[in-house]
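Here is how the chains run, residue by residue.
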Amino acid sequence: MELEKGLVSGSMSLLVLKLLEDGDLYGYQMIDELRRRSKDAFRLKAGTLYPLLHSLEEKGLVSAYEQAAETGKTRRYYHLTKQGQQALREKENAWNAYAQAVGRVLKGGACVAGA
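Residues numbered from 1 in each chain as written. Predicted model: local features only at pLDDT ≥ 70, side-chain atom pairs only at ≥ 80, totals over all residues. Heavy atoms only, no water.

### Digging into the overall build of the chain
Along the chain, the regular secondary structure elements total 4 helices and 3 strands. Written out in order from the N terminus, the α and β elements of the chain read α-β-α-α-β-β-α. The 115 residues of the chain split such that 30% are buried. Of the contacts formed within the chain by residues at least 6 apart in sequence, a portion of 47% connects residues at least 24 apart. Total accessible area on the chain is roughly 8000 Å²; 53% of this is exposed by carbon and sulfur atoms. (Helix = DSSP H or I, 4+ residues; strand = E, 2+ residues; numbered from the N terminus. Buried < 20%, exposed > 50% of the residue type's maximum accessible area, 1.4 Å probe, protein only. Contact = heavy atoms within 4.5 Å. Areas by Shrake-Rupley, 256 points an atom, 1.4 Å probe, with all protein chains shown as cover.)

### Describing the pairing of strand β2 (residues 62–68)
Sheet topology note: the β2/strand β3 (residues 74–80) ladder contains 7 bridges and is antiparallel. Bridge pairing links Q67 to R75 in β3. Between β2 and β3, which pair antiparallel and follow one another directly, the connecting turn spans 5 residues, one of which, G72, has a positive phi of 95°. (Pairing = 2+ DSSP bridges.)

### Overview of the pairing of β3
Relative to β3, strand β1 (residues 25–26) is paired through 2 bridges, and the arrangement is antiparallel. Looking across to β3, one finds that L25 is bridged to Y78.

### Thoughts on a nonpolar patch on the surface
Taken together, the side chains of W95, Y98, V102 and L106 make up a nonpolar region of the molecular surface, amounting to roughly 420 Å² of accessible area. Relative to the assigned elements, L106 resides in helix α4 (residues 82–106). (Patch = residues over 30% accessible without salt bridge, like charges linked within 9 Å, V, L, I, M, F, W, Y side chains within 5 Å. Salt bridge = Lys/Arg side-chain N within 4 Å of Asp/Glu carboxyl O.)

### Some points on the sheet that holds β1
The strands making up a sheet associate through backbone hydrogen bonding, with each pair oriented either parallel or antiparallel. The strand order β1-β3-β2 describes an open sheet built from 3 strands, whose pairing is antiparallel. The open sheet has two edge strands with one neighbour each: β1 and β2.

### A word on α4
The end-to-end C-alpha separation of α4 is 36 Å, in line with the 36 Å expected for 25 residues at 1.5 Å each. Every buried residue of α4 is accounted for by G84, A87, L88 and E92. Positioned one or two residues after α4, G108 has a phi angle of 95°, which is positive. (Expected span 1.5 Å × (residues − 1).)

Okay, here's the thing in structure tokens:
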């Protein structure tokens, strides 16, 4: 089943920050890890990821550094900053509240006695 693009784009910064919570990654690692963890539901393209990473970097949520790989190629790694950790917590809380509200609507809502 193909996911609706609006749902995916609205949550992508949360997902990228969450990936970086486990450690520094370079772009293609993020793409692969996101695909793996989502069981192929998220197939992020580099043309979508890199502008998002640059935006997160400008906001101070991630920092970047370059490091040579074993192949000799230089890779740009991204690191979650303290500000990014705080933003991640806030985004997770907001997402959980949203998901619970959607779940309640989909299940018909909670019955309130006397209402």
